[in-house]
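# Coordinate analysis (summary)
For reference, the chains in residue letters:
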Amino acid sequence: MTATGRFVRYTILIVLTALFVSPLVFALATSFKTSQQAVQTPPSWWPNPFSTQAYQRIFDSADTPVFRWFLNSLVAATANAALVVATSALAAYALARLQFRGKKLVFGLIVATLFVPPVILVIPNYEIVGRLYWLDTLLAIIVPTAAGAFGVFFLRQFFIGLPRELEESAFLDGANRWQVFSRIVLPLSRPALATLALLAFLTNWNDFLWPVYVLFSPENQTLQAGLSTLQSANSVRYDLLMAGAVVASVPVLILYGFAQRFVIEGVSRSGLKG
Amino acid sequence: MTATVQKVVPEPDRDLVAPTPPRQRGDDLAAWLFLAPYLVLFAAFVLAPIVLGLWISLHSWDFTLPGKPFVGLDNYRDLFRSGSTTFEPFWNSMRATGIFTLFSVPLLIVIPLAVALVMNANFRGRNVFRTVYFAPYVLGVAVVGVMWRFLLDRNIGAVNSYLDAIGLPGDTAWLSSVPPAWIALVGVTIWWTLGFNAVIYIAGLQEIPRELYDAARVDGAGAWSAFWHVTLPGLRPVTMFVTLITIIASANMFGQSFIMTNGAPGRQTQTAIFWIAETGLQNFQMGEAAAASWILTLALMLLSVVVFGVFRARGAMEAS
């Protein structure tokens, strides 16, 4: 690569980096400003004085209990990820390794729903969740979204790629299907299971439309739905809004920082299969 | 769901051709037990809703009222009859979704590809850049929306302030006038999801065999010609995948509009799914909303089939 080429490449990369990072830095800075300084023009990049007023305000307010939302989001996303991984792994193993009647039908049905846009499910799922008395509870956030087909596909693909020899020798030693699955297949699949858990957690944490409509009480919101409540309650208190945005992003950014390779590889693999 | 256990019909032929692992006979019961937990979820929250949605669309259905009279195809007819209460807002929202999709999809196909090409080499810091570009995607749409609403605020927003500082008009109403609102919504969506598409392209680029580029160079092809004759054809399946998921994501755009513009000015940036959610889940006209979501879905499926056909045809053309 020529020196000019390298210069051009790095210029592009650095400009892009600035475009991606500066809004985040600016939002973070604003969350530590006073309410007056947050709306000052021209904008300043450094909070002066440095203030945690915004955080105190959103954590203390009864209408916008941000800490409670944080816990709700954490519980919902964790439970959803666990449910997705458990049910998908079991189903994917059957579809990858077992021979049974109706396999083509089941697989075909699951494949077909991958092409069904989610909008079709919103109205009827509200009705179903209502009949289950799950409206305004975290169950509405945890369970229905775990029915998505992505996890089953993702793990099925991974299980098919595993070498069969270990499983076969375990059978010869007298292990049953469950033992082979739990003692051989699952331990071998840790990276794939971790990737799926992460993607499910992120998706659930960030889900927006559904929680906005199925959760009503202030104390039952998730952080994402809560942000829109926070916005309608404080339309121009940008210090408060940025503090809320920071609280909603720090956990996922930390998770992403530690596990970005899994997240990115999980996403990029989805394209190669399509 | 069938819970009956059926006897496996022996298939000696298959067993002769491909020796399968032992203990195949117990598979029927085991398989259904393995599948059961997922299938319960799948049946309750994917299959049942598809049928129930169709059923709801044939009724005047209010979740909060006991009576849900059957109205046949009236909800659909109203959506297509000008002068009905749902006609104008529905098609207005379909138009908004159409405009958004029309502008965001091509940009989200081309820009991430360009970024992926710049990234597709061995250079120092490559993984760091990739991590940074993907980062906005892990933030939810609510965070992204709230943040950009602040940055794009007409009076105190940083964007207008910096535009003013470099001598450009600094009082654009990014969130309450069109076309600026469309530029804002499309631009923010690109900022948010560029990294996602780019990562998929990068993986696709790495799948193209190096030998093809070497062969092209031997044939005297320059960088541009190699791009047209090796890179693009090699990326076709990945590009089709990116195109389809981007169309589906754009046609389901909700959060950006809900948080940043709230449909303003008027209802001009209220997207179809926004109108469907508001009509069905806030005003509880669920029959109308269910009918509208079927129309949107059919339109989307038709579009997907067209995209699929175009990519297939191009592939066939180049293969011949």
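Residues numbered from 1 in each chain as written. Chains lettered and ligands numbered in written order. Predicted model: local features only at pLDDT ≥ 70, side-chain atom pairs only at ≥ 80, totals over all residues.

## Description of the overall build of chain A
A count of helical and extended segments in chain A gives 14 helices and zero strands. Helices and strands in chain A line up, N terminus first, as α-α-α-α-α-α-α-α-α-α-α-α-α-α. Counting the 274 residues in chain A, one finds 45% classified as buried. Long-range contacts, defined as pairs at least 24 residues apart, comprise 72% of the intrachain contacts of chain A with a sequence gap of at least 6. (Helix = DSSP H or I, 4+ residues; strand = E, 2+ residues; numbered from the N terminus. Buried ≥ 20, exposed ≤ 12 C-beta atoms within 10 Å, placed from the backbone. Contact = placed C-beta atoms within 7 Å.)

## Re the overall build of chain B
Counting its regular elements, chain B contains 14 helices and zero strands. Going residue by residue from the N terminus, the α and β elements of chain B occur as α-α-α-α-α-α-α-α-α-α-α-α-α-α. Computed over the C-alpha atoms, the radius of gyration of chain B is 25 Å, more than 25% above the 20 Å expected from 2.2 N^0.38 for a compact globule of 320 residues. The buried share of chain B, taken over its 320 residues, is 39%. Within chain B, contacts between residues at least 6 apart in sequence are counted, and of these 65% link residues at least 24 apart. (Rg over C-alpha atoms; globule rule 2.2 N^0.38 Å.)

## Some remarks on the interface of chain A and chain B
Reports of interface size often rely on the accessible area that becomes lost once the parts have come together. Facing the 80 residues of chain A at the interface are 82 residues of chain B. Sort the elements by how many residues they give to the side of chain A that touches chain B and helix H14 (residues 238-273) of chain A lands first, with 17 residues. In the side of chain A that touches chain B, the residues fall into 55 nonpolar, 17 polar and eight charged. (Nonpolar A, V, L, I, M, F, W, Y, C, P; charged D, E, K, R; others polar.)

## Side note on the environment of A:Pro49
Tracing the chain through its elements places A:Pro49 in the loop between helix H2 (35-38) and helix H3 (53-60). When the C-alpha atoms of A:Pro49 and A:Thr34 are compared, they prove to be 7.4 Å apart, with 15 residues separating the residues in sequence.

## Quick word on the domain arrangement of chain B
Residues and elements named next belong to chain B. The domain architecture assigned to chain B consists of domain 1 (12-57) and domain 2 (77-319). Centre-to-centre separation of domain 1 and domain 2, based on C-alpha positions: 35 Å. Listed by partner, the interface residues are four residues for domain 1 and six residues for domain 2. Class assignment of the residues belonging to the side of domain 1 that touches domain 2 gives a composition of two nonpolar, two polar and no charged. (Domains from an automatic or database assignment.)

## Notes on the nonpolar core
In this structure, A:Leu196 and A:Ala245 are the most contacted members of the largest nonpolar core, which totals 161 residues. Ranked by residues supplied to this core, first place goes to helix H4 (residues 66-97) of chain A with 15 residues. Of the residues that make up this core, three or more belong to each of domain 1 (12-57) and domain 2 (77-319) of chain B. Leaving out residues up to four positions away in the same chain, A:Ala245 has contacts with A:Ala27, A:Leu227, B:Val143, B:Val146 and B:Met147. (Core = buried A, V, L, I, M, F, W, Y, C linked by C-beta atoms within 7 Å.)

## Observations regarding unusual backbone geometry
The omega torsion across A:Thr41 and A:Pro42 is -10°, close enough to zero to call that bond cis. In this structure, A:Pro42 sits in the loop between H2 and H3. Cis geometry marks the peptide bond from B:Val178 to B:Pro179; its omega dihedral reads 5°. You can see B:Pro179 is positioned in the loop between helix H7 (158-165) and helix H8 (180-207). Positive phi is not limited to glycine here, since A:Asp136 has a value of about 65°.

## Focus on the environment of A:Ala197
Residues and elements named next belong to chain A. Topologically, Ala197 is positioned in helix H11 (residues 190-206). Take Ala197: there are 20 C-beta atoms within 10 Å of it, and that puts it in the buried class. Separated by 116 residues in sequence, Ala197 and Ala81 have C-alpha atoms that sit 5.0 Å apart. Those residues in contact with Ala197, other than ones at most four positions away along the chain, are Ala81 and Val85.

## Things to note about the confidence of the model for chain B
Looking at chain B, pLDDT values average 89 and 92% of them are 70 or higher. Per the prediction output, this complex has pTM 0.90; the corresponding ipTM is 0.92. (pLDDT = per-residue confidence, 0-100.)

## Some thoughts on the packing of helix H4 (residues 87-119) of chain B against H8(B)
All names here are of chain B. The interhelical angle for the contact between H4 and H8, taken along N-to-C directions, is 40°, at an axis separation of 7 Å. With respect to each other, H4 and H8 are oriented oblique. Note that H4 runs across H8; the crossing there is right-handed. Touching Ile99, Phe100, Phe103, Ser104, Leu107, Leu108, Ile111, Pro112, Leu113, Val115, Ala116 and Met119 of H4 are Trp182, Leu185, Val186, Thr189, Ile190, Thr193, Leu194, Asn197, Ala198, Tyr201, Ile202 and Leu205, all from H8. Its residues assigned to classes, the contact of H4 with H8 comprises 20 nonpolar, four polar and no charged. (Axes fitted to C-alpha atoms, helices over the stretch in contact; angles between N-to-C directions. Parallel < 35°, antiparallel > 145°, perpendicular 65-115°, else oblique. Left-handed = near helix turned anticlockwise from the far one by under 90°.)

## Focus: the confidence of the model for chain A
For chain A, mean pLDDT is 91; residues scoring 70 or higher make up 98% of the total. When pLDDT is averaged over each element of chain A, helix H7 (residues 139-142) of chain A comes out on top at 97 and H14(A) at the bottom at 87.

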